[in-house]
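Take a look at the letters that make up each chain.
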Amino acid sequence: MNSDFTAVITGGNKGIGADLARRMLAEGYRVVSVSRHAPDFVHERLSSVEADLLDAAAVAEAAQEIAGRHDVTHFVQNAGLVWPNLIEDAKAEDIAGLAQLHLGSALTLLQAFLPAMKARKFGRVLFNGSRAALGAKTRTAYGATKAGMVGMARTWALELAPHGITVNVVAPGPILTDNFWGIIPKGSPQEADLATRIPVGRLGTVEDVTNAFMFFADAKAGFVTGQTLYVCGGASVGGFQL
């Protein structure tokens, strides 16, 4: 029963994370959002822990707080930042910062949740990756750390499979979110042109991504682990560039 499940979603306050939180709540999950700001919606089974995932100490504190209150069954590392720069303007600190956000915070949080997952012999660990892991201009730090998610997920999948815990990555292409519109103006000719270059002829929606997450989250998906699913309208197949 989904009512036995508790999902922790980083960045569950907006965009893909908020849509996933709503979907899980509708299906009976308890949901804990971890982000700098609380979600702008309420639900009797929704709680929020405010923490900056760029701050390792804050993440450690949040992890212990959540693990002390909940037996977490699902962990979704969804929060992300882009920080786009051409090579000449990129900084080593960008890589370090996004590594903490995308990878380090995931490790700290999962370490706190693992005892409960192992005791239950069940768990679902999910990453929100990116098609940019295959390469995209101005994505030095972002592409590197999103690619790192794939390697980390595959490693965790091998270690955790004997405990009934699966680990998978959903890798979106261009999705209509605030992160996307922070780079490409909403309703702009650039946005319209980009849609024509996606093989399926449109940009993605948060619901497209949430559908993939819900598949991996299902208790019946226990024979699928260590995988990366591109939700990109075919943009990962050819030579697509933003």
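These figures come from a predicted structure and were not determined experimentally. (Residues numbered from 1 in each chain as written. Predicted model: local features only at pLDDT ≥ 70, side-chain atom pairs only at ≥ 80, totals over all residues. Heavy atoms only, no water.)

Student: In this structure, what is going on with the nonpolar core? I would like to understand it.
Tutor: Generally speaking, nonpolar side chains in soluble globular proteins are found buried as a group. Counting residues in hydrophobic clusters, the biggest one holds 39 residues, and the most contacted among them are Phe-75, Phe-113, Met-117, Val-125, Phe-127 and Trp-156. Only β2 (30-35), α2 (56-69), α3 (92-120), β5 (123-128), α4 (140-160) and β6 (165-172) provide two or more residues apiece to this core. It is α3 that provides the largest number of residues to this core, a total of 10 residues. In this structure Val-125 touches Phe-75, Leu-110, Met-117, Trp-156, Ile-165, Thr-166, Val-167 and Asn-168, once residues within four positions along its chain are discounted. Residues Ile-16, Val-31, Val-206 and Val-231 belong to the second largest nonpolar core, which totals 26 residues. (Core = buried A, V, L, I, M, F, W, Y, C linked by side-chain atoms within 4.5 Å. Buried < 20%, exposed > 50% of the residue type's maximum accessible area, 1.4 Å probe, protein only. Helix = DSSP H or I, 4+ residues; strand = E, 2+ residues; numbered from the N terminus. Contact = heavy atoms within 4.5 Å.)

Student: What exactly am I supposed to notice about the side chain of Asp-19 here?
Tutor: Inspection of the secondary structure assignment puts Asp-19 in helix α1 (residues 15-26). Lacking a salt bridge, the buried Asp-19 has Arg-23 as its closest oppositely charged neighbour, with an N-O distance of 5.1 Å. (Lys, Arg positive; Asp, Glu negative; His and termini not counted. Salt bridge = Lys/Arg side-chain N within 4 Å of Asp/Glu carboxyl O.)

Student: Explain α4 here, please?
Tutor: Every α-helix winds through 3.6 residues per turn, so residues three or four apart in the chain are directed the same way. Taking 1.5 Å of rise per residue, 21 residues should cover 30 Å, and α4 covers 30 Å from first to last C-alpha, within 8% of that figure. When we look at burial in α4, the residues that qualify are Ala-141, Tyr-142, Gly-143, Thr-145, Lys-146, Met-149, Met-152, Ala-153, Trp-156, Ala-157 and Leu-160. Packed against the buried residues of α4 are β4 (74-77), α3, β5 and β6. (Expected span 1.5 Å × (residues − 1).)

Student: Hey, could you run me through the packing of α2 against α3 in this one?
Tutor: Packed helix pairs are characterised by how far apart their axes lie and by the angle those axes make with each other. Axis separation between α2 and α3 bottoms out at 9 Å; the angle between their running directions is 30 degrees. Between α2 and α3, the crossing angle belongs to the class labelled roughly parallel. Seen along the crossing, α2 lies across α3 with a hand that is right-handed. Where α2 abuts α3, its residues Ala-56, Val-59, Ala-60, Ala-63, Gln-64, Ile-66 and Ala-67 lie against Gln-100, Ser-105, Thr-108, Leu-109, Ala-112 and Phe-113. Broken down by class, the residue content of the contact of α2 with α3 amounts to 9 nonpolar, 4 polar and no charged. (Axes fitted to C-alpha atoms, helices over the stretch in contact; angles between N-to-C directions. Parallel < 35°, antiparallel > 145°, perpendicular 65-115°, else oblique. Left-handed = near helix turned anticlockwise from the far one by under 90°. Nonpolar A, V, L, I, M, F, W, Y, C, P; charged D, E, K, R; others polar.)

Student: Looking at this structure, I do not really get the packing of α3 against α4. What am I missing?
Tutor: Across the interface, α3 lies against α4 with an axial gap of 8 Å and an inter-helix angle of 20 degrees. Classified by the interaxial angle, the pair formed by α3 and α4 is roughly parallel. Handedness of the crossing formed by α3 with α4: right-handed. Of the residues in α4, those in contact with Asp-94, Ile-95, Leu-98, Ala-99, His-102, Leu-103, Ala-106, Leu-107, Leu-110, Leu-114 and Lys-118 of α3 are Thr-140, Ala-141, Tyr-142, Thr-145, Lys-146, Gly-148, Met-149, Met-152, Trp-156 and Leu-160.

Student: Any chance you could explain the pairing of β5 here in plain terms?
Tutor: One face of the sheet, then the other: side chains in a regular strand alternate in exactly this way. Taken across its 6 residues, β5 has 6 buried, putting it largely inside the fold. Residue alternation in β5 divides its side chains into two sets, Gly-123, Val-125 and Phe-127 and Arg-124, Leu-126 and Asn-128, and both sets are buried. Following the backbone out of β4, through α3 and into the adjacent parallel β5, one traces a crossover that is right-handed. Taken together, the 6 bridges between β5 and β6 define a ladder with parallel strand orientation. Of the residues in β6, the one forming a bridge with Arg-124 is Thr-166. (Right-handed = clockwise from strand over helix to strand, strands pointing away. Pairing = 2+ DSSP bridges.)

Honestly, that's just the spatial picture; any functional story needs more than this.
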